[in-house]
Amino acid sequence: MRMNPQLIGKIKESLSSVLPITAIVLLLCITIAPISPGTLVLFLFGAFLLIVGNGLFTLGADIAMTPMGHGMGVQMVKARNPLLPLLTAFLLGVLITIAEPDLQVLATQVPSIPDMVLILTVAVGVGLFLVVGVLRTRLKIPLSTLLLIFYAIVFLLAFFTPNSFVPVSFDSGGVTTGPITVPFIMALGVGMAAVRSDKNATDDSFGLVALCSIGPILAVLLLGVFYRPTDASYAGTSLLEIVSTRDAAVAFASAFPHYIQEVAVAMVPICAMFFLFQLATRRFKRNELLKIFSGLIYTYLGLVIFLTGVNIGFMPAGQYIGSVLASSAHPFLLVPVGMIMGYFIVAAEPAVHVLNKQVEEVSMGSISQTAMRHGLSIGVAISVGIAMLRVLTGISIFYFLIPGYTISLILTFFVPQMYTGVAFDSGGVASGPMTATFLLPFAMGACEAVGGNLMTDAFGLVAMVAMTPLITIQLLGISSQIQKKIAIRQFQSRMEKADDCILYYDE
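Residues numbered from 1 in each chain as written. Predicted model: local features only at pLDDT ≥ 70, side-chain atom pairs only at ≥ 80, totals over all residues. Heavy atoms only, no water.

S.K.: What is the right way to look at the overall build of the chain in this model?
M.R.: Each helix and strand counted, the chain has 19 helices and zero strands in total. Taken against the 2.2 N^0.38 rule, which gives 23 Å for 507 residues, the C-alpha radius of gyration of the chain at 23 Å falls within 12% of a compact globule. For the chain, the spread of C-alpha atoms along the three principal axes comes to 85 × 60 × 60 Å. Taking contacts inside the chain between residues at least 6 apart in sequence as the whole, the part at least 24 apart equals 87%. Of the roughly 21,100 Å² that the chain leaves accessible, carbon and sulfur atoms contribute 67%. Of the side chains in the chain, 25 bear a positive and 25 a negative charge, and the two mean positions are spaced by 10 Å. (Helix = DSSP H or I, 4+ residues; strand = E, 2+ residues; numbered from the N terminus. Rg over C-alpha atoms; globule rule 2.2 N^0.38 Å. Contact = heavy atoms within 4.5 Å. Areas by Shrake-Rupley, 256 points an atom, 1.4 Å probe, with all protein chains shown as cover. Lys, Arg positive; Asp, Glu negative; His and termini not counted. Charge placed at Lys NZ, Arg CZ, Asp CG, Glu CD.)

Written out as C-alpha cells, the structure is:
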C-alpha cells in the first residue's frame, strides 16, 4: 500500500523541525546536564511521536481546518442579518475555549478560583473578542487602534491585580490559543477579509488570533481584581519512574486513552458548528466534504499522537534538565542554553507551520515562510533568555512586559498593517504546547533548584514567548520596507542612467 505523498512530505518537514531540539537535548544529556536513562528513553519515544503527530496534524489542518474556517468566514461576511455572524462568532469562541485542553490544565492549577468559574470567564472573554474581530473586519477598523485601547486597559487592570496572579493572567492568553483553534481562527479571518475588495482587505486577513489572545488576559485579570486571590499556585510535575523500555512503552500506552478523549472533546465544537453551517448554506460539495472529513481524521490522530509524545516524553526531560543546570556550578548557563532551545523549539509547534504557510499565501510571497521562521525563532530565543534571567534574579515580569508591549504598539505606527496583524497573531501561535510542556517545566525545574518563587519567577514564560515575536516580526516589516525602498531607488537610478545614455547617443 502506497503512503500518501503529501503525508510523507509533511513528516519530512516535521522531522527537520523536531530534529534540532532533539539533538540539543541529547548533547546536553551527555555533557553538562546528564539525565537518568529512563527519562532519556521517554524523551526519545516522545520525539518520535512528535515527528509523526506533527506531520499528520499539519496535513489535516491544510485539507480540513483551513477550508472549514475560510468557508465559514466568507459566509459570515455575506450574511444579510448582521446579528447572525456576531452570535455565531460568540458561540464559536465560547465553545472552542471551553473544550481547549490547556485551559482545563490551567484551571486546576489555580486553586483560589473554582475551575468552572475560571473556564467560563475565559471562554466568554474569547467569545467577546472574536465578536470584536468580526466587527473590525466588517467596519474596517485598524487593528493597531484596537490593540492600543485594549492593551492600555490590560496594563491598567494589572496594577490592581495581586502580583502573584499577573503571570497567570498573561499566560492564559497563550494557553487558550491552542493547536486546534489557531488554524481554524486564522482561516476564519482570511475568509472574512477575502470577500472585501478594498485595498486594506489583505492587511485585515490577520489579527483575529491577536484579539482572541487579549480576551483571556482581561478575563483572568478581572477575576484577580474581584476574587483577590492570595494563592495562584501551579501544580508541580512528578517524574515517572522508568526502569526499562517496556516501562516507557507502558507509560505512553496508558496516556493515549486520556488524549484520545481530550482531543475528541476539543474538536467536537468546531465539527458541530461546521455541520450546522453546512446544513444551512450547502457551501461545500460532496467531494469537498469527503476531503474535509479525511482531513479531520488526520488532524485528530496527529494531535493525539503529538500531545501524548510532548506531555509524556518532553515534560519530564525539560524539568530535569532545568533543575540540573540551575544546581550546577555555573547556573547562568541557563540563559544561553534556554535561548538556543527557544530558537529551535518554536519550529516544532504544530500551528507555526500553518501560520507561516497562510502568511506566505495571503501576502503572495512578500512575507516568506523562511523569513517568518527566523523572525519567530529569534523572538522566542530572546524571550526564553529573559525568562531564565528572571528565574535566576527574581526580576518582576512588569519590567519586561510593559517596555515590550510599549515598543510593540509604537511599532504598529511604522509598519504595514499586514505585518502588525501577522506579528500579533504569531505571539499566540508561538506559545503553544511545546512551550507549555517543555520550556515551562524547564523554567520550573530551574526555579525550584535555585529556591525561587514559582509564581513570580518561573511563570510568565508563556507570556514572554507570546510577546517578543510582536517586536521581531514587526522589525521584519520595517526591514522589508527599507529593502523595497532601496530596490526602487536602485531601479530609478538605473533608468536615469539608461535615459542619459540614450540622450548621449541621440546627440
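Right, picking up where we left off after that structure.
S.K.: Which parts of the structure should I look at to understand a nonpolar patch on the surface?
M.R.: A cluster of nonpolar side chains, Leu 148, Ile 410, Phe 413 and Phe 414, forms an exposed patch at the surface whose accessible area comes to about 420 Å². Checked against the element boundaries, Leu 148 lands in helix 6 (residues 143-158). Given the relative accessible area of 32%, Leu 148 is considered partly exposed. (Patch = residues over 30% accessible without salt bridge, like charges linked within 9 Å, V, L, I, M, F, W, Y side chains within 5 Å. Salt bridge = Lys/Arg side-chain N within 4 Å of Asp/Glu carboxyl O. Buried < 20%, exposed > 50% of the residue type's maximum accessible area, 1.4 Å probe, protein only.)

S.K.: Would you mind going over the packing of helix 6 against helix 15 (residues 398-411) with me for this structure?
M.R.: Packed helices, taken two at a time, are described by the angle their axes make and the gap between the axes. For the pair helix 6 and helix 15, interaxial distance at closest approach is 11 Å and the crossing angle is 165°. Considering their axes alone, helix 6 and helix 15 lie roughly antiparallel with respect to each other. Our pair here, helix 6 against helix 15, has a crossing hand that is left-handed. Where helix 6 approaches helix 15, its residues Leu 147, Leu 148, Tyr 151, Phe 155 and Ala 158 are matched on the opposing element by Phe 398, Leu 401, Ile 402, Tyr 405 and Leu 409. Taken together, the residues that form the contact of helix 6 with helix 15 break down as 10 nonpolar, no polar and no charged. (Axes fitted to C-alpha atoms, helices over the stretch in contact; angles between N-to-C directions. Parallel < 35°, antiparallel > 145°, perpendicular 65-115°, else oblique. Left-handed = near helix turned anticlockwise from the far one by under 90°. Nonpolar A, V, L, I, M, F, W, Y, C, P; charged D, E, K, R; others polar.)

S.K.: How should I be thinking about the nonpolar core in this particular structure?
M.R.: Note that soluble globular proteins tend to have their nonpolar side chains buried in a common cluster. Of all hydrophobic cores here, the largest spans 149 residues; its most connected members are Tyr 151, Phe 170, Ile 214, Ile 321, Met 388, Leu 401 and Phe 438. Top contributing element to this core by residue count: helix 2 (residues 37-78), with 17 residues. In contact with Phe 438, other than residues within four places in its own chain, are Val 25, Phe 43, Phe 314, Ala 317, Gly 318, Met 341 and Ile 345. Residues Ile 113, Leu 118, Val 122 and Leu 223 belong to the second largest nonpolar core, which totals nine residues. (Core = buried A, V, L, I, M, F, W, Y, C linked by side-chain atoms within 4.5 Å.)

S.K.: Is there a simple way to think about the packing of helix 8 (residues 181-194) against helix 13 (residues 350-362) in this case?
M.R.: One can describe the packing of helix 8 onto helix 13 by two numbers: an axis separation of 9 Å at closest approach and a directional angle of 15°. As summarised for this structure, helix 8 and helix 13 are arranged roughly parallel, according to the angle between their axes. Crossing handedness for the pair helix 8 and helix 13: right-handed. Contact residues: Val 182, Pro 183, Met 186, Ala 187 and Val 190 in helix 8; Ala 351, Val 354, Leu 355, Gln 358 and Val 362 in helix 13. Across the contact of helix 8 with helix 13, the residue classes break down as nine nonpolar, one polar and no charged.

S.K.: Quick question: what am I supposed to make of the pattern of salt bridges here?
M.R.: Opposite charge on two side chains makes pairing possible when the charged atoms of those side chains draw close. Considering all chains together, one arrives at two salt bridges under this definition. As a salt-bridge pair, Asp 62 and Lys 10 come within 2.7 Å of each other at their nearest N and O atoms. Taken together, the residues span a long stretch of sequence, with Asp 62 in helix 2 and Lys 10 in helix 1 (residues 5-29) at a distance of 52 residues. One salt bridge connects Lys 357 with Asp 62, and the closest N-O pair in it is separated by 3.1 Å. Within this pair, whereas Lys 357 is found in helix 13, its partner Asp 62 is found in helix 2, the two being separated by 295 residues in sequence. The network of salt bridges with shared partners includes Lys 10, Asp 62 and Lys 357.

S.K.: Could you clarify how one ought to interpret the environment of Ala 387 in this entry?
M.R.: On the secondary structure map, Ala 387 appears in helix 14 (residues 369-393). Taking the C-alpha atoms as reference points, Ala 387 and Pro 20, 367 residues apart in sequence, are found 21 Å from one another. Excluding residues that lie within four positions of it along the chain, Ala 387 makes contacts with Asp 457 and Leu 461.

S.K.: Honestly, the side chain of Gln 278 in this entry has me stumped. Any pointers?
M.R.: Note on placement: Gln 278 falls in helix 10 (residues 245-281). A relative accessible area of 10% means that Gln 278 is categorised as buried. Sequence-distant contacts of Gln 278, that is, excluding residues within four places in its chain, are made with Arg 283, Phe 284 and Leu 289.

S.K.: It is not clear to me how unusual backbone geometry should be interpreted in this structure. Could you clarify?
M.R.: Glycine aside, residues mostly have negative phi angles, and peptide bonds mostly take the trans form. If you check the backbone angles, Lys 140 has positive phi at about 60° while not being a glycine. The residue Lys 140 is located in the loop between helix 5 (115-139) and helix 6 in this model. You will see that Arg 282, though not glycine, has its phi angle at about 55°, which is positive. Looking at Arg 282, the relative accessible area reads 59%, which means it is exposed.

S.K.: Where do I start with the packing of aromatic side chains in this structure?
M.R.: The relative placement of two aromatic rings is captured by the distance of their centres and the angle of their planes. One pass over the structure, following the stated rule, counts 14 aromatic pairs. Summarising the aromatic geometry, the rings of Phe 129 and Phe 150 are spaced 4.8 Å apart at their centres and angled 65° between planes, so their arrangement reads as edge-to-face. Of this pair, Phe 129 sits in helix 5 while Phe 150 sits in helix 6, and the two are 21 residues apart along the sequence. Since its relative accessible area comes to 9%, Phe 129 is described here as buried. Overall, the relative accessible area of 16% leaves Phe 150 in the buried class. Considering the side-chain rings of Phe 314 and Phe 438, the 5.6 Å spacing of their centres and the 65° angle between planes classify their relative orientation as edge-to-face. Separated by 124 residues along the polypeptide, Phe 314 in helix 11 (residues 286-326) and Phe 438 in helix 17 (residues 433-450) bring together distant segments of the chain. Pair check on accessibility: Phe 314 and Phe 438 agree, each one buried. One aromatic cluster is present, formed by Tyr 151, Phe 155, Phe 170, Tyr 405 and Phe 424 through successive ring pairs. (Phe/Tyr/Trp six-rings, centres within 6.5 Å; stacked < 30°, edge-to-face > 60°.)

S.K.: Sorry, what's going on with the state of the cysteines here?
M.R.: Two cysteines, two sulfur atoms, one covalent bond between them: this is a disulfide. With the rule as written, the count across this model stands at zero disulfides. Here Cys 212 is not disulfide-linked; the sulfur of Cys 271 is the nearest cysteine sulfur, at 19 Å. Residue classification places Cys 212 among the buried positions, given a relative accessible area of 1%. (Disulfide = S-S within 2.5 Å.)

S.K.: Which parts of the structure should I look at to understand the environment of Ile 242?
M.R.: As for its position among the elements, Ile 242 is in the loop between helix 9 (208-227) and helix 10. Along the sequence, Ile 242 and Gly 127 sit 115 residues apart, while their C-alpha atoms lie 43 Å from each other. Each residue touching Ile 242, except ones within four places of it in the same chain, is listed here: Gly 38, Leu 42, Asp 247, Ala 248 and Ala 251.

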